[in-house]
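Descriptive structure summary
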Amino acid sequence: PGVRFKWQNPEVSIIEGLWARGDRRLNRLLVTAYNKGCKFDGWSDKFRYRSWEASFLDEGVDIDFFTTRVRHAIEPLPWDHIDTMVSKDYLISEWNKATDGVYTIDCRNGICNQCGACDFETIEPRVFDDCKENRVKNFTQDGHKPKGYKKLKISFSKLDQAKYFGHLEMVKIFIRAIRRSGIPVKYSEGFHPKPLISFEDALPIGLESLNEIFYLSVHDNVKPQTIINGLNIHLPKGLSILNCHFAPKKPSNKPFEPVVYMATSKYGFFDEEKMNHFNMISEFIIARCNRKGKIKNLNLKEMVINLALLAPNQVRMILKSEPRQTVRPFEVLEKVFGLSKVEIKQVAVVKQ
Ligand code: SF4
């Protein structure tokens, strides 16, 4: 119990080692392997080690020479021409210290080891204390000691460049901001405790939103309003906390509400005829492929509640957001208005 076993295909490791330690003598190997069909090797279903082996033979490449051979410290390396400011002599001395088990003092504490990276005019080690200074100092109610945890409902906007954050990336950003601001949150149990945080919706990349919701469990003596400032100091441009209050104890049993999106095209107009056609017909079947590659036919009319053209380049969509009945605005732009992937990228879509 508690042991997780991870492994990697050793043949992939051989190729990785070869390209990590190889040099310009491998140029021809790359072309030969490519011509034998070695493409997208990072995807296990496309990885063809036999083709690599055939290429090694064709080009006379000795794998061990590049990977497992013991190298002398003074041997020239393929990246020696790149000036990192740190001299090779220094790196060799560090290597020797490492093999002898001798530590090098952390130079951020004031003692320079003369590695060569700093000129002490424009480059020097600096330790930032911003996080400590920006910690929320007074987020609890005076005189109240925490008795447990309560759930907060926090709303935020995701606009402008922040639309390019993927969902997991955004979750990490929030967790980092929570840690930096010093908010006392509840952590999960187990070997890798993480703040208990859950988002109502996982926005796809490229979609902006005026109002998203996430939930966070915090000490019950926290003043919700202080959380807004505490988090906003540490969030990047485009992500902003709007509101924060304690969530009701009982989960809401309200039916799923439709979502309104505003799509504005930067360079073109939406085809009104196509939209009118969609609004008039009773069935609009689209094919969707699930993660397992299985194709399912769905009636888009059952998921689109309303489409309206507010201006030649602006369309308002009211879409269902229910389990197995969710459609994203990008899919409507593609299927109903016939926009290509490139054209869709020129459309700013904001969840209202
Ligand atoms: S202070 Fe600069 S030059 Fe000195 S050891 Fe540290 S990084 Fe290298």
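Look a little higher up for the structure.
Residues numbered from 1 in each chain as written. Predicted model: local features only at pLDDT ≥ 70, side-chain atom pairs only at ≥ 80, totals over all residues. Heavy atoms only, no water.

**What to know about helix H1 (residues 10–21)**
Given a rise of 1.5 Å per residue, 12 residues ought to cover 16 Å, and the 16 Å separating the end C-alpha atoms of H1 matches this to within 8%. Residues of H1 that are buried include every one of Val12, Ile15, Gly17 and Leu18, and no others. Measuring from the side-chain oxygen of the N-cap residue of H1 to the backbone nitrogen of Glu11 gives 2.9 Å; that N-cap residue is Asn9. (Helix = DSSP H or I, 4+ residues; strand = E, 2+ residues; numbered from the N terminus. Expected span 1.5 Å × (residues − 1). Buried < 20%, exposed > 50% of the residue type's maximum accessible area, 1.4 Å probe, protein only. Polar contact = N/O pair within 3.5 Å; in protein donor to acceptor, adjacent residues only side chain to side chain.)

**Some thoughts on the packing of aromatic side chains**
Inspection of the entire model under this criterion finds 14 aromatic pairs. Where Phe40 meets Trp43, the ring centres are 4.9 Å apart and the plane angle is 10°; that geometry is what we call stacked. The same class applies to Phe40 and to Trp43, which are both exposed. Members of the aromatic cluster, connected to one another through ring pairs, are Trp19, Phe47, Tyr49, Trp52 and Phe56. Sitting above the plane of the Tyr34 ring, Lys39 keeps its charged end 4.7 Å from the centroid. Sitting above the plane of the Phe278 ring, Lys301 keeps its charged end 4.9 Å from the centroid. (Phe/Tyr/Trp six-rings, centres within 6.5 Å; stacked < 30°, edge-to-face > 60°. Lys NZ or Arg CZ within 6 Å of the ring centre and 35° of its normal.)

**Describing the pattern of salt bridges**
Applying the stated rule across the entire model yields 14 salt bridges. Salt-bridge contacts for Glu53 lead to Arg50; the nearest nitrogen and oxygen are separated by 2.9 Å. Of this pair, Glu53 and Arg50 both sit in helix H3 (residues 49–59), three residues apart, roughly one helical turn. Given a relative accessible area of 53%, Arg50 falls into the exposed group. Where Arg69 meets Glu75, a salt bridge forms, and the shortest distance between an N and an O atom there is 3.1 Å. Residue classification places Arg69 among the partly exposed positions, given a relative accessible area of 26%. A network of salt bridges, in which partner residues are shared, links Asp201, Glu212, Arg328 and Lys351. (Salt bridge = Lys/Arg side-chain N within 4 Å of Asp/Glu carboxyl O.)

**So, the environment of Ile175**
Structurally, Ile175 is set in helix H7 (residues 167–181). Each residue touching Ile175, except ones within four places of it in the same chain, is listed here: Pro195 and Ile197. (Contact = heavy atoms within 4.5 Å.)

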